[in-house]
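Spelled out from the first residue to the last, the chains are:
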Amino acid sequence: MELLDNDPTNLGKKLAQSENIMDGLKDLIRLCGDDPDRNGLEETPFRVLKAFLEYTEGYREDPKEHLEKVFDVDHQELVLVKNIEFHSMCEHHFAPFFGVAHVGYIPNEKITGLSKIGRMVEGYAKRFQVQERLTNQIAEAIEEILEPNGTMVVIEAKHMCMCGRGIKKVNSSTTTTSVRGVFAEKGESKMEFLTLLNR
Ligand SMILES: [Zn+2]
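A brief structural summary. Computed from a predicted structure; not experimentally measured.

**So, the overall build of the chain**
Phase 1 of the analysis: Of the regular secondary structure elements, the chain holds 8 helices and 7 strands.
Phase 2 of the analysis: Expressed as a percentage of its 199 residues, the buried residues of the chain come to 39%.

Structure below.
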């Protein structure tokens, strides 16, 4: 997988080596019924390729590592980071899905910087994804690095593959949840999360 090389400075080289992908994209344009050589579409295969490398930047990092900057703080109550915006790519249709993630955990000695949680979410979002896996990966990263008493992640997202094709449900959104530790065991912890979320 040459395109998933770790060196971002090789981007230009990668693009130059991707003639076959560009040819394939030209074929796709023809198949859809347009002329890949007309003015507006001429540069499109190159732009699509470049955009895909950006959509999938998360493969070139281990998002968990953002959480490794931890602080010892005597705080045993819920930490909730709401409305972390993300953009991801549905792996079934290569169509965008986007929305917000709400990430909460009950620390057990280790806490991390609030912005680090956002960076971690971004790292998993910038891959080919399904919303359920994205939700679980975020929860697992928190569990593994911070070893908290509990973790709860809620993601609300809109999927362009549901909005733009087939059953055109423009306003539908999908909510997924992942719970670990006390959030799975104790109803009141989950309630606290949801109460703070809806406030
Ligand atoms: Zn889809």
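**Considering the packing of helix α2 (residues 19–32) against helix α3 (residues 44–55)**
Phase 1 of the analysis: As a packed pair, α2 and α3 sit with axes 9 Å apart at the nearest point and diverge in direction by 115°. Considering the relative orientation of α2 and α3, their crossing is right-handed. From α2, Ile21, Met22, Leu25, Lys26 and Ile29 reach across to α3, where they touch Pro45, Phe46, Val48 and Leu49.

**Some points on the side chain of Arg127**
Phase 1 of the analysis: Here Arg127 shows up in the loop between α4 (114–125) and β5 (128–129).
Phase 2 of the analysis: Look at Arg127: it is buried, it has no salt bridge, and the nearest opposite charge is Asp62 at 5.6 Å.
Phase 3 of the analysis: Separated by 3.1 Å, the side chain of Arg127 and the backbone oxygen of Glu61 make a polar contact.
Phase 4 of the analysis: Side-chain polar atoms of Arg127 contact the backbone oxygen of Gly123, separated by 3.3 Å.
Phase 5 of the analysis: For Arg127, the residues in contact, after removing those within four places along its chain, are Tyr55, Thr56, Gly58, Tyr59, Glu61, Pro63, Ser88 and Met89.

**Here's the deal with the sheet that holds β5**
Phase 1 of the analysis: The strand order β5-β2-β3-β6-β7 describes an open sheet built from 5 strands, whose pairing is mixed. Looking at which strands have only one partner, the edges of the open sheet turn out to be β5 and β7 (174–181).
Phase 2 of the analysis: Strand direction decides the pairing type here: strand β3 (residues 96–106) and strand β6 (residues 150–159), joined by 10 bridges, are antiparallel. Each residue of the ladder has a partner; that of Val103, found in β6, is Val153.

**As for a negative patch on the surface**
Phase 1 of the analysis: Residues Asp35, Asp37, Glu42 and Glu43 make up a contiguous surface patch of negative charge.
Phase 2 of the analysis: Summarising the element assignment, Asp37 is placed in the loop between α2 and α3.

**Details of the packing of aromatic side chains**
Phase 1 of the analysis: What the rule picks out here adds up to 7 aromatic pairs.
Phase 2 of the analysis: Ring geometry for Phe52 against Tyr55: centres 5.5 Å apart, planes inclined by 65°, an arrangement best described as edge-to-face. Remark: Tyr55 and Phe52 occur in helix α3; sequence separation between them is 3 residues, near one turn of the helix.
Phase 3 of the analysis: Under the relative-accessibility criterion, Phe52 is labelled partly exposed at 23%.
Phase 4 of the analysis: Here the aromatic residues Phe52, Tyr55, Tyr59, Phe94 and Phe128 are joined through ring pairs into a cluster of three or more.

**What about the pairing of β6?**
Phase 1 of the analysis: Where burial is concerned, most of β6 is hidden: 8 out of the 10 residues are buried.
Phase 2 of the analysis: Inspection of the sheet shows β6 paired to β7 by 8 bridges, in the antiparallel sense. When the sheet's bridge partners are listed, Gly150 is paired in β7 with Gly181.

Procedures and definitions
- Residues numbered from 1 in each chain as written.
- Predicted model: local features only at pLDDT ≥ 70, side-chain atom pairs only at ≥ 80, totals over all residues.
- Heavy atoms only, no water.
- Helix = DSSP H or I, 4+ residues; strand = E, 2+ residues; numbered from the N terminus.
- Buried < 20%, exposed > 50% of the residue type's maximum accessible area, 1.4 Å probe, protein only.
- Axes fitted to C-alpha atoms, helices over the stretch in contact; angles between N-to-C directions.
- Left-handed = near helix turned anticlockwise from the far one by under 90°.
- Contact = heavy atoms within 4.5 Å.
- Lys, Arg positive; Asp, Glu negative; His and termini not counted.
- Salt bridge = Lys/Arg side-chain N within 4 Å of Asp/Glu carboxyl O.
- Polar contact = N/O pair within 3.5 Å; in protein donor to acceptor, adjacent residues only side chain to side chain.
- Pairing = 2+ DSSP bridges.
- Patch = residues over 30% accessible without salt bridge, like charges linked within 9 Å, V, L, I, M, F, W, Y side chains within 5 Å.
- Areas by Shrake-Rupley, 256 points an atom, 1.4 Å probe, with all protein chains shown as cover.
- Charge placed at Lys NZ, Arg CZ, Asp CG, Glu CD.
- Phe/Tyr/Trp six-rings, centres within 6.5 Å; stacked < 30°, edge-to-face > 60°.

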